[in-house]
Amino acid sequence: MRERLEALKAEAEQAIQGAKDLETLKQLRVKYLGKKGELTAVLRGMGELSAEERPVIGKLANDIRQTLERILDEKESALEAAAMEARLKEETIDVTLPGVPRPLGSLHPLTAVIQQVENIFIGMGFEVAEGPEVEKDWYNFEALNMPKDHPARDMQDSFYITREILLRTQTSPVQVRTLQAKEGKVPVRMICPGKVYRRDDDDATHSHQFTQIEGLVVDRGVSMSELKGTLLAFAKRMFGEDYEFRFRPSYFPFTEPSMEMDMSCMACGGEGCRICKETGWIEILGAGMVHPNVLEKSGYNAERYTGFAFGMGVERIAMLKYGIDDIRYFYTNDLRVLRQFQSV
Amino acid sequence: MLVSYEWLNEYVDLEGLTPEDVAHALTQSGVAVDVIYTRDTGIRNVVVGKVLSTEPHPQADRLKVCLVDVGKDEPLNIVCGAANVAEGQLVPVALEGASLPGGVTIKRTKLRGVESQGMICSAKELGFPDKVLSKHQREGIMVLPDEVEIGTDVRTVLGMHDQVLELDLTPNRSDCLSMIGVAYEVAAVLDREVRLPEPEALEPTGDEIRVDIMVESEEDCPLYAAQVVDNLKVGPSPQWMQNRLISAGIRPVNNIVDITNYVMIECGQPLHAFDLDKLSNGGRIVVRRARNGETIETLDGVTRACDEETLLITDGSKPIGIAGVMGGANSEVSEKTTRVLLEAAFFSPPIIRRTSRKLGLRSEASNRFEKAVDPERIIPALQRAVELLTLYAGGRVVSRVTTERVGDIDELTVSLRHERLTHVLGVKLKEKQVLDIFRRLRFPVEVKDGVYHVQVPTRRPDIAIEVDLIEEVARLYGYDNIPPTLPWGQQSPGGLTREQLLVRVIRNTLRTLGMHEVITYSLTSPELGSEIASINQAGQPIRVAMPMSEERSVLRTSLLPHLIETASYNLKRQQERVAIFEIGKTFHTHEKKLTDLPEERWELAGLLAGKSVPTNWRQPSSSSDFYASKGVLEALFTRLGIHNVEYRAVQPVGFHPGRTAEIVVDGRVIGILGQLHPQVAQQYDLGPTMVCQLDLEAIFAVAQTDVHFEPPSRHPAVTRDLALVVDQDLLVGKVEKEIKKAAGEWLESVTLFDVFTGEQIGEGKKSVAYSLVYRAKDRTLTDEEVNRVHQAVIDHLAATCGAQLRQ
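Residue numbers run consecutively from 1 along every chain, following the written order of its sequence. Here the convention is simple: chains get letters from A, ligands get numbers from 1, in the order in which they are written. Where totals are concerned, whole chains, interfaces and linings use all residues; where local detail is concerned, this predicted model gives features only for residues with pLDDT of at least 70, and gives and counts side-chain atom pairs only at 80 or more. As a rule here, side-chain values cover all heavy atoms of the structure and leave hydrogens and water aside.

(A) Here's a closer look at the sheet that holds strand S2 (residues 32-38) of chain B. Residues and elements named next belong to chain B. Across the sheet, three strands lie side by side as S1-S11-S2; this open sheet has antiparallel pairing. Unpaired on one side and paired on the other, strand S1 (2-4) and S2 mark the two borders of the sheet. Sheet twist, expressed as the mean angle between neighbouring strand axes with direction ignored, is 25 degrees. Each pair of strands is called paired provided DSSP finds at least two bridges between the two strands. Secondary structure elements follow DSSP: runs of H or I no shorter than four residues count as helices, runs of E no shorter than two count as strands, and numbering proceeds from the N terminus. Bridge count between S1 and strand S11 (residues 163-168): three bridges; the pairing is antiparallel. Bridged to Val3 within S11 is Leu165. The contact criterion used throughout is that any non-hydrogen atoms of two residues lie within 4.5 Å. To define axes, lines are fitted to C-alpha atoms, for helices over the stretch in contact only, and angles between the resulting N-to-C directions are given on a 0 to 180 degree scale. Each of S2 and S11 touches helix H2 (residues 19-28); the most contacted strand, S2, lies at about 165 degrees to it.

(B) A look at the environment of B:Arg405. All names here are of chain B. Mapping Arg405 onto the fold places it in strand S23 (residues 402-405). A sequence separation of 99 residues divides Arg405 from Arg504, and the C-alpha atoms of the two residues are 65 Å apart. Excluding anything up to four places from it in sequence, Arg405 contacts Pro222 and Leu223.

(C) Expanded view of the interface of chain A and chain B. Each partner contributes to the interface: chain A provides 98 residues, whereas chain B provides 98 residues. Put simply, a salt bridge is a Lys or Arg side-chain nitrogen that is within 4 Å of an Asp or Glu carboxyl oxygen. Inspection of the chain A/chain B interface yields four salt bridges. Here a polar contact means two N or O atoms within 3.5 Å. Within protein one must be a hydrogen donor candidate and the other an acceptor candidate, and residues neighboring in sequence count only if both atoms are side-chain atoms. The interface formed by chain A and chain B includes 40 residue pairs in polar contact (both at pLDDT 80 or more). The element that contributes the greatest number of residues to the side of chain A that touches chain B is helix H8 (residues 224-239) of chain A, accounting for eight residues. Under the scheme applied, nonpolar residues are Ala, Val, Leu, Ile, Met, Phe, Trp, Tyr, Cys and Pro; charged residues are Asp, Glu, Lys and Arg; polar residues are all the others, including Gly. Here the residues of the side of chain A that touches chain B sort into 43 nonpolar, 27 polar and 28 charged.

(D) The UniProt feature "binding site: Mg(2+)" (unreviewed entry) in chain A, seen in detail. As recorded in UniProt, the feature "binding site: Mg(2+)" (unreviewed entry) lies at A:Glu256. The residue A:Glu256 is located in strand S7 (residues 255-264) in this model. Residue burial is assigned from relative accessible area. The probe radius is 1.4 Å, only protein chains are included, and a residue is buried under 20% of its type maximum, exposed over 50%, and partly exposed in between. You can call A:Glu256 buried: its relative accessible area is 9%. Sequence-distant contacts of A:Glu256, that is, excluding residues within four places in its chain, are made with A:Met289, A:His291, B:Val467, B:Asp468 and B:Glu471. UniProt positions are given in the numbering used here, feature names are shortened, and annotations may be inferred rather than shown by experiment.

Written out as C-alpha cells, the structure is:
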C-alpha cells in the first residue's frame, strides 16, 4: 500500500508540474484529491491493514495529501500570475496616441485685457460703470470742457448721427454720467471699459472702432500725488515690476493738470528701437486732475471736491502686452489668432 | 512745429547744451519732442564748384561735358545730364569718393566714352525733400548763390549741420508755434536767458503813401496793421534764410515771400504781402464779411465761392484775399512787383477755423490764426518784416505803420492760492520755489497773504484760471518730483454688479465649451444680413450722417450678420471647425430722425459651422448640427441656473423652416436657435450653419446662480426602461413633459436614450426609449409601488400621446 501511495504521489507531482493552465490544474485537484479521487480510492483499502500499519499509512497518506495541496496551490499562483501577465501584455496600448479632443475656446484678447484691468482696479475699491455708445454731444464734448468751437473737436473726426447725437469718441462721457448718477456723493471710484468710434481709415495703427478704459476718482482732498500712486500701482500689477514708468505733462480739455504716462519700452528695454521711435519709452495712458468745469457741470462743487481721471486704449495695451503689430487683427477674428489666446 | 536748433540758438542761450538735452527737458515739461534729425543725411566730400565751360558731349545729345573748378590745381572734367547747367554757375560737386544720402558713392567713370571725374548734384540728390523744392529745382541741378566760395563743403553752405527738433504740440500750446515761443519755453524749463529781436519802427523818409484801413466788425478783426514798402527788387533770399526755412519745412520762393514766412516762423505772426500796384484804391483796405455768392480766385488758381461766414480783405472795390487763409490771385506778388502793402492782423479764430475747414485750405497761416495769435507781437512782427525787406530786398519804407485797433487787449491777472496748490498737487512747495518758477516763466507776480497774483503774458492764451497756473507750477517743478501715494479717505468696496458677473460667467462657460469669443464692428451695411430675422427687429437701422463707406454706414440691429461673415472668413482659410460667439450691443429706434438716444440692447450671439469636433482618430467626423448647438446652450443654461427652458418650433425669415426654435423661459421668448436657411448660407459660401441669439437682459432676469442645498437620498433607486412607439411627428418634448406630469415626486430623472424609425416600427411611427429613475427621499420603494407608478405613466402616455409600449 505504501508503494501505491508513493507511486500516486510521484504521478500526481509530475502531472501538477506539467499543467499548462488553471483548468487542467482544477481537474488534477479533483482527480487526485477529490472525494472520488485517486488518493481517496487508495485509502479505501485501509481496512485491510493491520492495526500497527494503519496509523503509519494514515499519516503517510495525510502527508501526501498536504504535499499535493501545497504544490497545487503553488502551481495555481504561478499560473495565475502568468495569466495576469499575459493579459496585461495584451492590453498594452500606445500612450503616445492623442487623447479624445475636448476643444477649448478663448476669450477675445481685448476682453482678456479688460478683465485684467478691471480686476486690478476692483482690488483698489473701484466699481465698473457703463454708458451708452450712442451719446449726446453734450456728454461727449460740452460737459467735458469742449464747447462747440473747441479746436480739439472736429465734425470730420466723429460719426455724427444728428447735430446733437453721435457715436461716442471716447469713454470720458461716462465720467459725467457717473457723477450725475452719484448726485454729489463721494467717494466716486469707477472704471469704464467700452467701445468708441472715430472717423479714421482702418490701417495697421488706426481703427474706426476701438476700445478704451476710463477711470475716475472724486473725493475730498484727492491729489496728483494719489493719481500717480494709483497709476503706478496699476501699471506694476499689469505689466510687472521689471519696467520703469514716467509721467509727462500733456493736454486734455477735461483735465488740468494733465499728464501722460510712459513705460520703458518692452521691445528694447529702454535702449531705443523702432517700436519706441528710438526714445526708449512707450506711451501707455493719459490722465489728469478733473477740470473744475467738468466737476461743476456734473453737479460737484469743485472747491470742496477734487478728482482724477485716466484713460487708456485697450488695443494699445494688448498690442504691447502680446506683441501684436496690427490693430486690424482684433477685428478680423481669425481663429488662428484667437486660438493663441486659449491660455489667457 | 519743426525747430531748427541753430536758429533757436539765436533767441535763447543754449551754451553747453546738446539738442538731446533740450529735447529731453522739453518733453518732460509738456512740449513733446517726437524726433531729432540732422539735415545732413549722409553727405561726404561734396564741395562748391564753378562751371568754367560746357561743351556738347560728342556721343550723346542730352549730355554736356563741363569743366568745373573745385578749388584744386586742375579743374575737373564732369559729364552732366541736367538741362539747366550753364557756364558761370556755382554748383555742388560730388568729388571722386564722395557719399550721397541713400548710400550712393561717386566713382570716376566713363560716360559714353568721356571721362567724368565727379558729379554735379541736384537738390534731391543732396537729400532735400520734394516739399521744400520748386518744380524748377526738382528737375535740374542745384545752383548756389554767387557769394559762396569755391571748394567749400556744401553742407556748410546749405546749413546741413543743423539739427531739427520735431515738436508734437498739444492744441493748448499754440505759443510754441514760433521760434520765440519755443525760446521762452526752453528758457523757462532750463532757466536760460532769452534774446529777442528788437526791430525799429521805420518811418518813411521821402514821399509817403497813405494807408487807410476800415474794419467792419471788431469781433472778426480786432486789430489790423499795415505798412507799405517800395523800391523792392524781387530775387532769391539769402542762403542762410533759405536754409532756416528749409529746416522749418518751408519752401523758399523769393525774398519777399521768404521774409513773410521767416517772420511767421520767428514770431508766430502770419503776414501777407499785397502787390500795391494791383490794388484799386492805393493804400485802402476794407475788412468785411463776404456777401453770399461772392467769389474770389485764390493764389492757387482756384475760384472760391464765399458766404456770409467768410471774412474778406478787399481794396474797397474788390476782394484781394480770404482773411487768414489765402491771398487772392489778383494781388499776388510777382517777379515784377516793386511795391507791397504788408499786412499783420488778428482775425477771429472761429471764423478762420470754419473758413479753412469749409474750403479745405489749411496752411501754416490758418493754423496759427485759428489758435489765436499773440496780440502783443503783431506790430513787432510787421516791423521785423519791414526791416528785413529793407535789408534783403532793397525796400524803402513809404508809409507809417498804420493800425486799426478796435477794442483793447485785456491784461489778465490770475490768482493762485498756495494752499490750493498744495492740495491739488499733494506736495508742499515753498513760496520761494513757486516764485522761482514764475520768474523762469517770465510771468510778473505779486504775493499777498499766501495768494500769488500772476500777470499772464498775452503769448500764453492757454492760461485763464487758477488750475492753469497749478499746471504751470507742476510741470516746471517736474511731475516726476511729485511723490506717489495711494488714495486715502473713505474706502469703498468696489466690485462687479450681478449683471457684470453674469456676463463673465457666460463668457467663461462658452469658452470652456469650446467657443471662441469674437468682437466685430458696430457699423455695418444696411443690406448685410437684412434677410435674416433677429430677436430685436422693431424699428429701423440708424444711419450715421457722414459714413466713410456704405459698408460702415448704419448701426447694427443684430449681431448675426458679422458673425456669419466671420465664419465665412475662417472657413475660407481652411478652418475645419468654427465655434464663435459675440457679446455686444445692438441699436434700435422707432424714430425716423433721432431726437433722443436710441435703445442699446445687450445681445449674445453664437455660431457653429464645419465640424462639431476636431478631426481625430477616435471619433467619426461629424458636422455641427442643431443638437450640437443646443447642447452648448443647455450647458450654458445649467451654468446660469435657468431651468424649464422650452424650445418651440418657429419659422422666421432666413432660417431653415424645419430646424429652428424660439427659446422660451417662463412664457417669455429669450432667444432663437436654428440652422440658417440653406439659400442664405450659400450666399455666404457656408455649409450647414447653426446660429443662436439671446437677449441678455432677459437672461439676467431669469438667471439664478444661488444654490439651495438638498441632501441626497440614502435610499436605493429603481430604474425602469420605457420603450414607446409614437407617431413620427409627435414632438419628443411633449412625451417628456407628460412623463413628468404622470410620474409624481418619486421620479428622480428621465433620460431619453434612443430614438429611431424603421420598418419594424411601422410607417409613420418612431420608437423612443427612456430610462426612468424612481427614488423616494425617506424610504426604499417596493417593487409594487414602482410598478404602480410606472403603469400610471404608461397609461397616461397612451392617453395623451397615443404611445404604445414597444413589443
